[in-house]
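# Chains, contacts and geometry: an overview
The chain contents come next:
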Amino acid sequence: MAAASCLLTEHQFLCSICLDVFTDPVTIPCGHNFCKTCITEHWNVNASCQCPNCKKLFNTRPELHVNTFISEMAAQFRQSAQQKASSSSSSEQQVSKPAEGLCDVCTGTKLKALKSCLVCLVSYCETHLEPHLKMPRLKKHKLIDPVENLEDRMCREHDKLLEMFCKDDHMCVCMLCTVLDHKTHDVVPLKEGYEGKKLELESEIQQMIQKRRLKIEEIKHSVKLSQRGADREIADGVQVFTALKESVERIQAELIDTIKEKQRKTEEQAEGFIKELEQEISELKKRSSEVEQLSQSEDHLHFLRSFLSLSTAPPTKDWTEVNVCPTTFKGTVRRAVNQLEETLHEEITNLFKAELKRVQQYAVDVTLDPDTAHGWLIISDDGKQVKHGYIKKDLPDNPERFDSFFAVLAEQSFSSGRFYFEVQVKGKTHWTLGVARESVNRKGEITLLSQNGYWTISKRTENVYCAEDDDFKVSLSLKSQPEKVGVFVDYEEGLASFYDVDSAALIHAFTGCSFTEKLYPLFCPSYVIYRSFFQYMDRNTAPMIISPVSHTE
């Protein structure tokens, strides 16, 4: 067996795929040998079963069996190579590891390549590289750090070295390509192309880094703004509740003082009456004593003469109608609570004013989109006013247009952040205002529910306002009829709020909304039900006007 191994070259024990000594060698039908794992993975990657060496094609994948003879020979060779490598460990030239580039010239055990020549398209170990370092002609060759697959550096079409770069097609080309397929293109040497792309890539990376740094600063700034907002809200909340607490304590103290003062006056009155009664009792007792003394006298004449003066009652008050009624405190607490309610209402009004002032900072410019408007609606030239007309226009029935709901959307859409706009509804008997998501149904009968993608409020009759949330209608109790309505949306917070701008009062707020699409401002200047449209149109001719935002003082 040892003699047989000596007759074989070292190259015959290397797998042509992994370039290492065979592991579980197998022989395929064409006679070539490979590691079992290498040839299996090769066929798994490629669509056809073909020999990597002779390119013979097999219709079906051959069944693989380990060649025990070659396996034993490879094991002996591996052992011999390891002994040889250990004996020459002091040498500077070492056997290359499988993952490292190999010298293409070595015929025995291939050594690690030191350089690759781009002219020869060959990798050399230190020994075989020596001519390139000494011979003047070979010194002119371009040497680089060792690389594998040098054939990839050749033009597949012309079999010439890829030494130019086409800026137009962003590809490496050979010299022949520059005068044929790329003769009108901007072509530069590889080095120049490399330096240009390197600078471009470095610049792009630096821009990406800079953008992310700016985004970090933006996020940090947002956190700071959020913290300021939180601090402001806490301070405002503390101020409001402190004022309310002080008002409650003050009104409570006044209530107690009022009740005590009433009780004190009642007690003073009772004490005065008691004092008078006691005084009269004292006088009557005195008269009684005199009568008693006189009655003991035996002088009848004297008794009868004195009787007239004694029988006259001393001056006393008629107490029949005099009463001290228990003090009634009815309404005292109610009046105190009413006073507290007025204070609370004043604080709430101040809060809404401050809230409206804050949301007005997110004012956006909104214009109406004629392509979405129902045919009965008239849009002003500047896109800021809409009202119903008396003649239905013949308009294209594009997918964006409402065909039954007398509505129009804004041109602008919003998919993040906060936005606010104001609409004048003065003089209108019916209107609907709010926002709608992009995918809402715009054809046929429409129900203005939030679950259908509409977040709106409506004026249905002279004094009836409502909002339709989920699957039910919410009646809105308003102290006054709004002439200008402000609409504020916080996309991430899921909030849509409506304000009476003139009175700075909150009309209604949709909370906990799930906004997942673009939102468009929505305007309906007439009654939403078609059969009621003509009934009210003569009294509802005033337009809805998108107004510039004047910040609340």
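Residues numbered from 1 in each chain as written. Predicted model: local features only at pLDDT ≥ 70, side-chain atom pairs only at ≥ 80, totals over all residues. Heavy atoms only, no water.

The next subject is the overall build of the protein. When its secondary structure is counted, the protein shows 10 helices and 23 strands. In the protein, of all internal contacts separated by at least 6 residues, the share reaching a separation of at least 24 is 57%. A total accessible area of about 35,000 Å² is found for the protein, and carbon and sulfur atoms account for 53% of it. (Helix = DSSP H or I, 4+ residues; strand = E, 2+ residues; numbered from the N terminus. Contact = heavy atoms within 4.5 Å. Areas by Shrake-Rupley, 256 points an atom, 1.4 Å probe, with all protein chains shown as cover.)

A few words now on the side chain of histidine 141. Within the secondary structure, histidine 141 sits in the loop between helix 5 (136-139) and strand 7 (143-144). If near-sequence neighbours (up to four positions away) are discounted, histidine 141 is found in contact with Cys117, Val119, Cys120 and His132.

A separate point is the packing of aromatic side chains. The geometry of an aromatic ring pair comes down to the distance between the two centres and the angle between the two planes. In the structure shown here, the tally under the stated rule is 11 aromatic pairs. Taking the centre distance of 5.6 Å and the plane angle of 85° together, the rings of phenylalanine 402 and phenylalanine 405 count as edge-to-face. Take phenylalanine 402 and phenylalanine 405: they sit in the same class, and that class is buried. The interplanar angle of 80° and the centroid separation of 5.0 Å between the aromatic rings of tryptophan 455 and phenylalanine 515 together place this pair among those described as edge-to-face. (Phe/Tyr/Trp six-rings, centres within 6.5 Å; stacked < 30°, edge-to-face > 60°. Buried < 20%, exposed > 50% of the residue type's maximum accessible area, 1.4 Å probe, protein only.)

Let us now look at the environment of lysine 426. With respect to the helices, strands and loops of the structure, lysine 426 is situated in the loop between strand 14 (418-424) and strand 15 (431-437). The spatial distance from the C-alpha of lysine 426 to the C-alpha of methionine 544 is 8.0 Å, given a sequence separation of 118 residues. The contact partners of lysine 426, leaving out residues within four places of it in the chain, are Glu483 and Ala542.

As a further point, take the nonpolar core. Formed by 48 residues in total, the largest nonpolar core has its most connected members in Phe405, Leu433, Tyr454 and Phe523. Looking at which element gives the most residues to this core, the answer is strand 22 (residues 519-524), with five residues. If you look at the next biggest cluster of nonpolar residues, it comprises 20 residues, including Val21, Cys38, Met73 and Phe77. (Core = buried A, V, L, I, M, F, W, Y, C linked by side-chain atoms within 4.5 Å.)

In this section: helix 7 (residues 190-295). A rise of 1.5 Å per residue sets the reference length of helix 7, with its 106 residues, at 158 Å; its end C-alpha atoms lie 154 Å apart and thus fit the reference within 8%. Listing the buried residues of helix 7 in full gives Gly193, Gly229, Val240, Leu244, Ser247, Ile251, Leu255, Thr266, Phe273, Glu280 and Leu294. (Expected span 1.5 Å × (residues − 1).)

A cluster of acidic residues, Asp168, Asp169, Asp186, Glu192 and Glu195, forms a negative patch at the surface. Tracing the backbone shows aspartate 169 in the loop between strand 8 (164-166) and strand 9 (171-173). (Patch = residues over 30% accessible without salt bridge, like charges linked within 9 Å, V, L, I, M, F, W, Y side chains within 5 Å. Salt bridge = Lys/Arg side-chain N within 4 Å of Asp/Glu carboxyl O. Lys, Arg positive; Asp, Glu negative; His and termini not counted. Charge placed at Lys NZ, Arg CZ, Asp CG, Glu CD.)

Remark on secondary structure: sheet strands pair via backbone hydrogen bonds, oriented parallel or antiparallel. Spatially, 6-5-7 is the arrangement adopted by the three strands of the open sheet, whose pairing is antiparallel. Whereas interior strands pair on both sides, the edge strands pair on one side only; in this sheet they are strand 6 (122-124) and strand 7. In the sheet, strand 5 (residues 115-117) pairs with strand 7 via two bridges, with the strands oriented antiparallel. What sits directly across from serine 116, in strand 7, is isoleucine 144. (Pairing = 2+ DSSP bridges.)

Take a nonpolar patch on the surface next. Together, Leu176, Val179 and Leu180 line one region of the surface with nonpolar side chains, adding up to about 250 Å² of accessible area. Here leucine 180 is to be found in the loop between helix 6 (175-179) and strand 10 (187-189).

Take the pairing of strand 12 (residues 385-388) next. With burial as the criterion, only one face of strand 12 is covered, namely that bearing Val386 and His388; the residues Gln385 and Lys387 on the opposite face remain uncovered. Of the pairings in the sheet, the one linking strand 11 (residues 377-379) to strand 12 comprises three bridges and is antiparallel in character. Its bridge partner being in strand 12, isoleucine 379 is matched across the sheet by valine 386. Following strand 11, the chain reverses through five residues before pairing antiparallel with strand 12; glycine 383 in that reversal takes a positive phi of roughly 70°.

Looking now at helix 2 (residues 36-45). Those residues of helix 2 lying buried are Cys38, Ile39 and Trp43. Seen along its axis, helix 2 keeps its buried residues to an arc of 125°; they face one direction. Opposite the buried face of helix 2, by more than 90 degrees, sit the exposed residues Thr37, Asn44 and Val45. The elements touched by buried residues of helix 2 are strand 1 (25-27), strand 2 (33-35), strand 3 (49-50) and strand 4 (57-58). (Arc of directions from axis to C-beta.)

Moving on, we get to the confidence of the model for the protein. Atom-level detail of predicted coordinates should not be read off regions where pLDDT is low. In the predicted model, the protein carries a mean pLDDT of 83, and 90% of its residues have values of at least 70. Counting contacts from residues 1-7, a segment whose pLDDT is below 50, to residues more than four positions away or on other chains yields nine contacts. Scored below 50 in pLDDT, residues 88-99 makes 17 contacts in the model with residues more than four places away or belonging to other chains. (pLDDT = per-residue confidence, 0-100.)

Strand order in the open sheet formed by seven strands is 11-12-23-14-19-20-21, with antiparallel pairing between adjacent strands. Pairing within the sheet leaves two strands with one partner each, and these edge strands are strand 11 and strand 21 (505-510). Each strand axis lies, on average, 20° off the axis of its neighbour in the sheet, ignoring direction. Sheet topology places strand 12 next to strand 23 (residues 544-547); two bridges connect them, and they run antiparallel. Paired with valine 386 across the two strands is methionine 544, which belongs to strand 23. Sheet strands touched by helix 9 (residues 332-359): strand 14, strand 19 (484-490), strand 20 (495-500) and strand 21. Its angle to strand 20, the strand with the most contacts, is close to 115°. (Axes fitted to C-alpha atoms, helices over the stretch in contact; angles between N-to-C directions.)

As a further point, take the packing of helix 7 against helix 9. For the pair helix 7 and helix 9, interaxial distance at closest approach is 10 Å and the crossing angle is 165°. By the angle between their axes, helix 7 is roughly antiparallel relative to helix 9. For the crossing formed where helix 7 meets helix 9, the hand is right-handed. Class assignment of the residues belonging to the contact of helix 7 with helix 9 gives a composition of 12 nonpolar, five polar and nine charged. (Parallel < 35°, antiparallel > 145°, perpendicular 65-115°, else oblique. Left-handed = near helix turned anticlockwise from the far one by under 90°. Nonpolar A, V, L, I, M, F, W, Y, C, P; charged D, E, K, R; others polar.)

Another point: the side chain of aspartate 500. Positionally, aspartate 500 belongs in strand 20. Although aspartate 500 is buried, it forms no salt bridge, and the closest oppositely charged side chain is lysine 484 at an N-O distance of 9.6 Å. For aspartate 500, the side chain forms a polar contact with the main-chain nitrogen of aspartate 502, separated by 3.3 Å. Excluding anything up to four places from it in sequence, aspartate 500 contacts Ser480, Gln481, Pro482, Lys484, Ala505 and Ile507. (Polar contact = N/O pair within 3.5 Å; in protein donor to acceptor, adjacent residues only side chain to side chain.)

A few words now on the pairing of strand 16 (residues 454-459). The buried fraction of strand 16 is high, at six of six residues. Of the two faces of strand 16, the one lined by Tyr454, Thr456 and Ser458 and the one lined by Trp455, Ile457 and Lys459 are each fully buried. Relative to strand 17 (residues 465-469), strand 16 runs antiparallel, the two being bridged by three bridges. By the bridge assignment for strand 17, isoleucine 457 is matched with alanine 467. What sits between the antiparallel neighbours strand 16 and strand 17 is a turn of five residues.

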